[in-house]
Amino acid sequence: DHTQILGDTLAQIAGEKAGIMKPGCTVVSAPQPAEVLAVLEKRRTEMNASLILAGRDISWESRGSKPSRQAFSIQSKLRNYQLSLPLLGDFQMENAALAIAAIETLEKNGTEINCTHIVRGLSTVKWPARLQILNRAPLLIIDGAHNPYSISKVIESIKKYFHYKRASVIFGSSQDKDIEGMAKELSGFAEHVILASSPHPRAATTDYLTAIFHKSGMQAEVSGTVGEALSCALSRSGRDDLILATGSLFLAAAIQKEFNKRSKFI
């Protein structure tokens with residue numbers, strides 16, 4: 001995202017992001033490709049900073065999941081945590097590890113946060129529009145993924161956690177996103193997509209989306225509004241089917257607002 005500002009290579013983007021490092025600070029980072037890590041390490045050395053790298057300095061292991069919650073352990077340099085998180089997706093374990101690494105850094109610097117606070121906080125965390133389930137029969141899931149990588153992770157998680165017969169997609173996106181890349185990811189997940197333009201000035205038009213999705217090989221249907229897209233998807237889906245609404249946070253929010261009006265489907 002934002003390559004027009006940050007650069008169009010991983011190293012360039014990492015260089016811009018690494019500018020946040022200040023002398024003597026502690027930096028917490030997700031796992032990175034070698035070219036990115038080299039940039040971070042160079043900047044860390046220049047700033048005499050410390051680097052905590054998830055996957056190297058703090059690790060995690062799944063302990064199983066339910067339809068709306070997952071259990072896992074995290075091992076840091078300070079302690080071992082047994083956690084229950086009401087968010088699905090392997091990437092959420094990584095996110096929790098990053099949060100714990102940051103909290104432990106604050107703890108070392110004198111902030112009064114202990115293990116009980118961390119465990120309790122993660123057990124009640126809420127993250128709207130991230131694999132959020134609005135309905136069970138059919139399954140209606142909203143996710144604000146808005147680039148090919150995040151779309152791929154959403155699909156990966158859906159296939160891991162849910163059972164369903166057919167999948168359909170409601171899609172809307174901002175004009176400046178990699179829509180072609182997202183369409184490519186979705187084409188291997190569902191045969192049918194309902195296109196909608198979210199009520200936002202940056203939203204891509206349905207004509208623009210249609211051309212891209214036809215190229216990807218998906219059957220694309222245009223709806224005039226988000227509400228019409230939701231009605232169409234629900235009418236096409238059986239109780240054992242799945243509907244994924246994705247492509248932008250604007251679309252996810254609009255779908256949730258429309259669904260909340262429809263008590264008969266709850």
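Up top is the structure these notes are about.
Residues numbered from 1 in each chain as written. Predicted model: local features only at pLDDT ≥ 70, side-chain atom pairs only at ≥ 80, totals over all residues. Heavy atoms only, no water.

Draft legend 1. Up close: the pattern of salt bridges. In the structure shown here, the tally under the stated rule is 16 salt bridges. Where Lys153 meets Glu156, a salt bridge forms, and the shortest distance between an N and an O atom there is 3.7 Å. One end of the pair, Lys153, and the other, Glu156, are both in helix H6 (residues 148–161), three residues apart, so they sit about a helical turn from each other. Look at Lys153 and you get partly exposed, because its relative accessible area is 24%. When salt bridges with common partners are traced through the structure, they connect Glu41, Arg44, Arg56, Asp57 and Lys77 into a single cluster. (Salt bridge = Lys/Arg side-chain N within 4 Å of Asp/Glu carboxyl O. Helix = DSSP H or I, 4+ residues; strand = E, 2+ residues; numbered from the N terminus. Buried < 20%, exposed > 50% of the residue type's maximum accessible area, 1.4 Å probe, protein only.)

Draft legend 2. Looking closely at the sheet that holds strand S5 (residues 80–85). Judged by pairing direction, the sheet is antiparallel, and its three strands sit side by side in the order S3-S4-S5 without closing on themselves. Strands with a single pairing partner mark the edges of an open sheet, and in this sheet they are strand S3 (59–66) and S5. Pairs of neighbouring strands in the sheet enclose a mean axial angle of 15°, with direction left out of account. With six bridges joining them, S3 and strand S4 (residues 69–75) adopt antiparallel strand pairing. Bridging across to S4, Glu61 finds its partner in Ser73. Where helix H4 (residues 90–108) meets the sheet, its contacts fall on S3, S4 and S5, and the angle it forms with S4 comes to roughly 45°. (Pairing = 2+ DSSP bridges. Axes fitted to C-alpha atoms, helices over the stretch in contact; angles between N-to-C directions. Contact = heavy atoms within 4.5 Å.)

Draft legend 3. A look at the side chain of Ser237. Relative to the helices and strands, Ser237 is located in the loop between helix H9 (226–236) and strand S11 (242–246). Judged by relative accessible area, which is 16%, Ser237 ranks as buried. A polar contact of 2.7 Å, which involves the side chain of Ser237, links it to the backbone oxygen of Ala233. Dropping the residues within four chain positions of it, Ser237 is found in contact with Pro138, Arg166, Ser168 and Ile243. (Polar contact = N/O pair within 3.5 Å; in protein donor to acceptor, adjacent residues only side chain to side chain.)

Draft legend 4. Representation of the pairing of strand S8 (residues 167–171) in the model. With respect to burial, S8 is a largely interior element, five of its five residues being buried. Across five bridges, S8 lies against S11 in parallel orientation. Paired with Phe171 across the bridge in S11 is Thr246. Examined bridge by bridge, S8 and strand S9 (residues 192–195) share four bridges and lie parallel to one another. Paired with Ser168 across the two strands is His192, which belongs to S9. The parallel pair S8 and S9 is bridged by helix H7 (residues 179–187), and the resulting crossover is right-handed. (Right-handed = clockwise from strand over helix to strand, strands pointing away.)

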